[in-house]
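Single-letter residue listing:
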Amino acid sequence: MKKFNTIRKVLDGLKEASSSAPTVQVGPQENHLIPESIQSEHFQLCKTVRHGFPYQPSAMAFDPVQKILAIGTQTGALRIFGRPGVECYCQHESGAAVIQLQFLINEGALVSALADDTVHLWNLRQKRPAVLHSLKFNRERITFCHLPFQSKWLYIGTERGNVHIVNVESFTLSGYVIMWNKAIELSSKAHPGPVVHISDNPMDEGKLIIGFESGIVVLWDLKSKKGDYRYTYDEAIHSVAWHHEGKQFICSHSDGTLTIWNMRGQGKPIQTITPHGKQPKDGKKPEPCKPILKVEYKTTRIGEPFIILSGGLSFDTVGRLPCLTVMHGKSTAVLEMDYPIVDFLTLCETPYPNDFQEPYAVVVLLEKDLVVIDLAQNGYPIFENPYPLTIHESPVTCCEYFADCPVDLIPALYSAGSRQKRQGYSKREWPISGGNWGQGTQSYPEIIITGHADGTVKFWDASAIMLQVLYKLKTAKVFDRNRSKEEKGSTEVSDEDPFAIQILAWCPESRMLCVAGVSANLLIYRFSKLEVTTEVVQLLEVRMQCEMNDSDSPDGGGEQTSGHPTPRASPQTSGPPSHPSTSSNNSDSGNVPCLKVRNAPLKQSPGYQVDLVVQLVWVSGEPPQQITSLALNSSYGLVVFGNSNGLAVVDYIQKTVVLNLGTVELYGCNDPYQRQPRSPRKTRQPSGGLCDINEGSATSEDRCKSPTSVLTSNSNLQQFYNGGGGRGARMSRKLSLPTELKPDLVLLSVYPPRGANPLDRDNSFSRSRSSSVTSIDKEAKEAISSFHFSETYARKGDSVLTPCLYVGTSLGTVLCLAITMPPAGEQRQLQPVVISPAGMLVRLKGSVMRMSFLDSTGSLAPPAYESWYEPNVTTDGEERVRKRRPVSVSPSTSQDLSENQYSVVCSEKQAKVVSLPSQTCIYKHSITETSFILRADVVQMSQGACVACFCANGHIMTLSLPGLRPLMDVNYLPLTDMRIARTFCFTNLGQAMYMCSPTEIQRITYSQEVCENLQEMLGELFTPVETPEAPNRGFFKGLFGGGAQSLDREELFGEVAAGKASRSLAQHIPGPGGIEGMKGAASGVVGELARARIALDERGQKLGELEDRTAAMMSSADNFSKHAHEMMLKCKDKKWYQF
């Protein structure tokens, strides 16, 4: 991404000038404004790296000398892979699909052909490849390209059947054209179709084979400009491959056959093979099969050649997986693939087409995977793929990014993950081994966590600009997968991904992990280095119910959740009740959770081990609402979660519910909202209410697109999910999506504490229309949107710091709950934790997204935490004394009611800084008026703390703390995809990430320091390597004229012989190659190294010759002067007439 200069920043900043000046409200004792060291010059936005499998791949190429692989996609992206850790992403500006890639072997350049009929030359000799030249064809469509090894002339076949020739140094067309009618002459009455193949004879560069789609193949003589031989077959051709001796070639056809032809034999193929066809006994033709899309023919010095092909399966193999077939002598191996094959390449020891190929591996590009098969080992095992291409193994549903983690964390996760490795891979080294690693100095540990639709959680090492999977946790193991027939009620509720992860909360210091799933379940994990077998999984069931209106509800308020500390929640040692409660009206409406926890003992390997399962249960025929916000604190041993009904606090040390409150009960008697029943027929929406989604433009197919927000209302929501039909209480996981966000759209952004957003299929539950709830829509339906644990001043005027839980709601209110902790040690296990409401802190516009605290110096005050300890140590009755991180309290000033802390609160619309304990709002900044914020984080930079925001209009902004001065505002990307909204996250030290496609993570930085060091950190794609020596012709071949025939293509295709090409045919576009690129291209890309080496040898010889010549010239000059002197003496006395 281009660097943003200051002018751009200023212009972007002016866009919202009306709201960009923070309004400062100075508190009574605000005479000591904190100096802010962080400035706008510390910020710059740029893309760093892209990880994951290239989305929708379409083409592939390999450089056998540099050993680098290039993959092109349907969106015009290029991904280039070298050794593990060396990869690069670049993008064609047009965004057209890449149809073919060709390396200029060992030249550090790549040619790409696109579906918009452009050809581009990429310079790979710089860390960020750039286009040097482009050529746009105007009248013809490109179908195939071929660039011979060590040639600068590129053959381009077109849909009309013609072949054009391009000089890759100057990217100009030659006047030499092979027209289709000249090529086929009278061999066919009809047009032969598009060119599907071009290649030169390995032994004679002057002979070119051209394959036409209809089944005609022409051997063209470049010098005499005519077709030597024509080969006709009555089935369409998909690909052609030469034997290295240039006497035979093989074609693959649309009826599943392979035909082998002698170059000089015109009539029929010498052999026809149907690899997967059943051979009839009566000698008839075998049954036709599916087309063989590609074939490669590779020879070995010892043993039979390899024929490798994709496709060609018989039609009766319905439902069979796509296959790659390897035929070697009499053996045929059929290798099944998990996804359809896009392309494959055979990797060979030599780049020369006229030598024995010696294939050693096959790279198979699938629609969603990259597989490399080892041909040198029996059974053709695959190589273990070292690239991070498995991000999408199951669709990503949420992700989190943590920079500057504890240093022992990555080794601990790696150690646990190394036991999960699969066996049976090839023993040999990964064959794609080109390029060099960058020399970056960025050393802090970074971890990315991804949650997936199948319930897995993956931990990735993202330090520097690498990505490597460390550890994989399968949360679904805790639950029974097959449900009994008696529980049809809860079976109907579940969709295809009942275990999908919705939100993650993680404490890197204590390694505690809390995971919320879409089935209204919560799993709390501890990290252990020891294996344990858990006899019984600890289970808590919690009843959280929506607010019923007492007057209209037939149930009355009897079942309504009240402020009791643990209503209907008690630790259960066995699984949930196996039968629904008989007191309820419907058989499926009792206290049944959505998933059943397994009863059998659970073997837990080293790594993350489940400590407690919390499940929300059905209440009065209503399924539980989804968990939309989550936080954990290891110092207090508490987890808090919330949904549209309220919140619950769980003590995971004592395995009890400490608090279970409805949203209204948080306010007590100070509820600022008039919550009157109103008819759902009114069109006016409550502020922060239901999202106005146009169902006409919606799609539920792409499982990875979703809104950031959980839409929670009653009747309107039910109509939205069920299409207006009342089909009983049902958990809806399919989600209709807006294809475009309306600017005036009001979203109820329900944000979890670390910002992991709800799942792609929204998973809010629709309600039965017969229920009384649908007839009453609350004026202000309020959901819990965020949490923050902190040691702070709970009430106005407090002088002592106490543990607190701050709660943010979807209507912009921040409330404080004071926590009274029992003493550490044995008492922590026995005495209850007491939580009491401490009032409202502040109100903002829009849903509260992020809360944080600063100390009196303006530095970030992180929540208290407990350091990690081994939970499974067998201590003989000894109680471990757990270390809690001390919290700084300045005793001298705390008594004077000096401003000791600042609370930072950010909502969808604005940010406020509140001074504590006086609870005065000292700074307020309106971040956006016309849009809304999708993600906000309070992050630590090396210069100080700031607020980072990603807005729905595509702007990325940072604000200083505590002064809320705008520091950066860049229009980065418009929100075209809900996936970006759901997965965007900022972290410390200027790092951020999002899922840019279902398979790829894009990392960006907003730090000037990282941008400056990025060039050093990036790997080198091109490394100087000697081109292998050409194969020997041998004495007899040289004597009798055998061996490879070379051709002076310059003489044939140059302007002198071929003339100029038609100007209207194609237009040349110089690329934005940059200075570095132009250096690489200055001497012509082709053969630079080889030429340099030859030039050095020649220079040595010439220097020796020059010495001899100089001596000869000096003696000759001597002789000349003597002769001249003699001549002068002879003629001195003669008169003019005597001459």
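The shown structure was predicted, so the numbers you read here are calculated from the model rather than taken from an experiment.

## Overview of the overall build of the protein
So, point 1. Looking only at helices and strands, the protein has 16 helices and 65 strands in total.
So, point 2. Each of the 1139 residues in the protein was classed as buried or not, and the buried ones make up 57%.
So, point 3. Within the protein, contacts between residues at least 6 apart in sequence are counted, and of these 63% link residues at least 24 apart.
So, point 4. Total accessible area on the protein stands at roughly 48,100 Å², and carbon and sulfur atoms take up 51% of it.

## Focus: the environment of M544
So, point 1. Among the secondary structure elements, M544 is positioned in the loop between β38 (539-542) and β39 (571-572).
So, point 2. Once the C-alpha coordinates of M544 and V619 are considered, the two residues, 75 residues apart in sequence, prove to be 7.7 Å apart.

## Describing helix α4 (residues 409-418)
So, point 1. Within α4 the residues assigned to the buried category are L409, I410, A412, L413, A416 and G417. Along the long axis of α4, the arc covered by the buried residues comes to 165°, so they all point the same way.
So, point 2. Where α4 is buried, its residues contact β31 (446-452), β32 (456-461), β33 (468-474), β34 (501-507), β36 (521-528) and β41 (607-616).

## Considerations on the pairing of strand β18 (residues 226-232)
So, point 1. Where strand β17 (residues 216-221) and β18 come together, six bridges link them in antiparallel fashion. Within the sheet, the bridge partner assigned to D221 lies in β18 and is K226.
So, point 2. Linking β17 to β18, which pair antiparallel, is a turn of four residues; within it K225 sits at a positive phi near 55°.

## Some details on the nonpolar core
So, point 1. The biggest cluster of nonpolar side chains holds 35 residues, and the ones touching the most others in it are F459, V478 and Y608.
So, point 2. Ranked by residues supplied to this core, first place goes to α4 with five residues.
So, point 3. Beyond its immediate sequence surroundings of up to four residues, Y608 is in contact with L413, F459, Y471, L473, W506, R511, L513, Y525, R526 and F527.
So, point 4. Ranked by size, the runner-up nonpolar core spans 27 residues in total, among them I956, I980, A992 and I1004.

## Some points on the sheet that holds strand β28 (residues 359-366)
So, point 1. Taken together, three strands build an open sheet; the order of strands is β27-β28-β29 and the sheet is antiparallel. Taken across any chain shown, the strands that pair with only one partner, and hence form the sheet edges, are β27 (341-348) and β29 (370-374). With direction set aside, neighbouring strand axes in the sheet form an average angle of 20°.
So, point 2. With seven bridges joining them, β27 and β28 adopt antiparallel strand pairing. Bridge assignment links L347 to a residue of β28, and that residue is A361.

## Structural notes on the pattern of salt bridges
So, point 1. Enumeration according to the criterion identifies 28 salt bridges in this entry.
So, point 2. The salt bridge partner of R79 is E87, with a shortest N-O separation of 2.9 Å.
So, point 3. Taking the shortest distance from any N to any O, the salt bridge between E531 and K603 comes out at 3.8 Å. Placement of the pair is E531 in the loop between β36 and β37 (532-534) and K603 in strand β40 (residues 602-604), with a sequence separation of 72 residues.
So, point 4. Classification of K603 by relative accessible area gives exposed; the value is 52%.
So, point 5. One continuous salt-bridge network, built from bridges that share partners, spans R50, R79, E87 and E1000.

## Let's talk about the packing of aromatic side chains
So, point 1. Per the stated rule, a full pass over the model turns up 25 aromatic pairs.
So, point 2. With a centroid separation of 5.6 Å and an interplanar angle of 70°, the aromatic rings of W242 and F249 are classed as edge-to-face. For the pair formed by W242 and F249, the shared burial category is buried.
So, point 3. Centroid distance Y387 to W430: 5.4 Å. Interplanar angle 90°. Geometry classified as edge-to-face. Of this pair, Y387 sits in the loop between β29 and β30 (396-403) while W430 sits in the loop between α4 and β31; the two residues are 43 residues apart in sequence, bridging distant segments of the chain.

## Considerations on the sheet that holds strand β9 (residues 118-123)
So, point 1. Ordered by their spatial adjacency, five strands build an open sheet running β7-β8-β9-β10-β65, and the pairing between neighbours is antiparallel. The open sheet terminates on both sides in strands that have one partner only, identified here as β7 (98-104) and β65 (1066-1070). The mean angle between the axes of side-by-side strands here comes to 15°, regardless of whether they run parallel or antiparallel.
So, point 2. Across five bridges, strand β8 (residues 109-114) lies against β9 in antiparallel orientation. Counterpart to V111 in the pairing with β9 is L121.

## Focus on helix α11 (residues 1008-1017)
Working note: α-helix, 3.6 residues per turn, so residues spaced by three or four point in the same direction.
So, point 1. Listed as buried for α11 are Q1008, V1010, C1011, L1014 and M1017.
So, point 2. Check the buried side of α11 and you find it contacts β2 (43-52), β63 (991-997) and β64 (1000-1007).
So, point 3. Regarding α11, its N-cap is S1007, as a side-chain oxygen of that residue lies 3.2 Å from the backbone nitrogen of E1009 further along.

## Section: the environment of Y380
So, point 1. One can find Y380 in the loop between β29 and β30.
So, point 2. Sequence separation of Y380 and Y425 is 45 residues, and the distance between their C-alpha atoms is 9.7 Å.

## Structural notes on the pairing of strand β52 (residues 813-820)
So, point 1. When you tally the buried positions in β52, you get seven out of eight residues, the bulk of the element.
So, point 2. Connecting the antiparallel pair strand β51 (residues 802-809) and β52 is a turn made up of three residues, with G812 showing a positive phi of about 90°.

## Quick word on the confidence of the model for the protein
So, point 1. On average, residues of the protein carry a pLDDT of 79, and 74% of them reach 70 or more.
So, point 2. Residue range residues 484-494 is modelled with pLDDT below 50. Its contacts to residues more than four positions away, or to other chains, number 15 contacts.
So, point 3. Segment residues 876-882 is flagged for pLDDT under 50; beyond a separation of four residues in sequence, or across chains, it makes nine contacts in the model.

## Observations concerning the state of the cysteines
So, point 1. Considering all chains together, one arrives at zero disulfides under this definition.
So, point 2. Considering cysteine sulfurs only, C804 is the nearest to C816, which forms no disulfide, with 3.9 Å between them.
So, point 3. The closest cysteine sulfur to the non-disulfide-bonded C985 is located on C399, 4.9 Å from its own sulfur.
So, point 4. Accessibility expressed as a relative area gives 0% for C985, which makes it buried.

## Let's talk about the side chain of T628
So, point 1. Tracing the backbone shows T628 in the loop between β41 and β42 (629-633).
So, point 2. Separated by 3.4 Å, the side chain of T628 and the backbone oxygen of I784 make a polar contact.

## A short note on the side chain of H51
So, point 1. Locating H51 in the fold gives a position in strand β2.
So, point 2. Dropping the residues within four chain positions of it, H51 is found in contact with R79, E87, P388, I391, I465, M466, L467, T999, E1000, I1001 and R1003.

## Concerning the environment of S314
So, point 1. Looking at the secondary structure, you find S314 in the loop between β24 (306-311) and β25 (323-328).
So, point 2. Using a relative accessible area of 12% as the deciding quantity, one classes S314 as buried.
So, point 3. S314 sits 26 residues away from P288 along the chain, and the two C-alpha atoms are 7.1 Å apart.
So, point 4. If sequence neighbours within four positions are ignored, S314 has contacts with H276, C289 and K290.

## Regarding unusual backbone geometry
So, point 1. Of note, the amide linkage connecting L916 to P917 takes the cis form, showing an omega dihedral of 5°.
So, point 2. Examined against the element boundaries, P917 turns out to sit in the loop between β56 (910-916) and β57 (920-926).
So, point 3. Backbone torsion omega between L961 and P962 reads 0°, so that peptide bond is classified as cis.
So, point 4. By secondary structure assignment, the location of P962 is in the loop between β60 (955-960) and β61 (966-971).
So, point 5. The phi dihedral of K225 is positive, around 55°, even though this residue is not glycine.
So, point 6. We note that S620 has phi near 50°; this positive angle belongs to a residue other than glycine.
So, point 7. Mapped onto the elements of the fold, S620 is located in the loop between β41 and β42.
So, point 8. Residue S620 is classed as partly exposed on the basis of its relative accessible area of 29%.

Parameters and conventions
Residues numbered from 1 in each chain as written. Predicted model: local features only at pLDDT ≥ 70, side-chain atom pairs only at ≥ 80, totals over all residues. Heavy atoms only, no water. Helix = DSSP H or I, 4+ residues; strand = E, 2+ residues; numbered from the N terminus. Buried < 20%, exposed > 50% of the residue type's maximum accessible area, 1.4 Å probe, protein only. Contact = heavy atoms within 4.5 Å. Areas by Shrake-Rupley, 256 points an atom, 1.4 Å probe, with all protein chains shown as cover. Arc of directions from axis to C-beta. Pairing = 2+ DSSP bridges. Core = buried A, V, L, I, M, F, W, Y, C linked by side-chain atoms within 4.5 Å. Axes fitted to C-alpha atoms, helices over the stretch in contact; angles between N-to-C directions. Salt bridge = Lys/Arg side-chain N within 4 Å of Asp/Glu carboxyl O. Phe/Tyr/Trp six-rings, centres within 6.5 Å; stacked < 30°, edge-to-face > 60°. Polar contact = N/O pair within 3.5 Å; in protein donor to acceptor, adjacent residues only side chain to side chain. pLDDT = per-residue confidence, 0-100. Disulfide = S-S within 2.5 Å.

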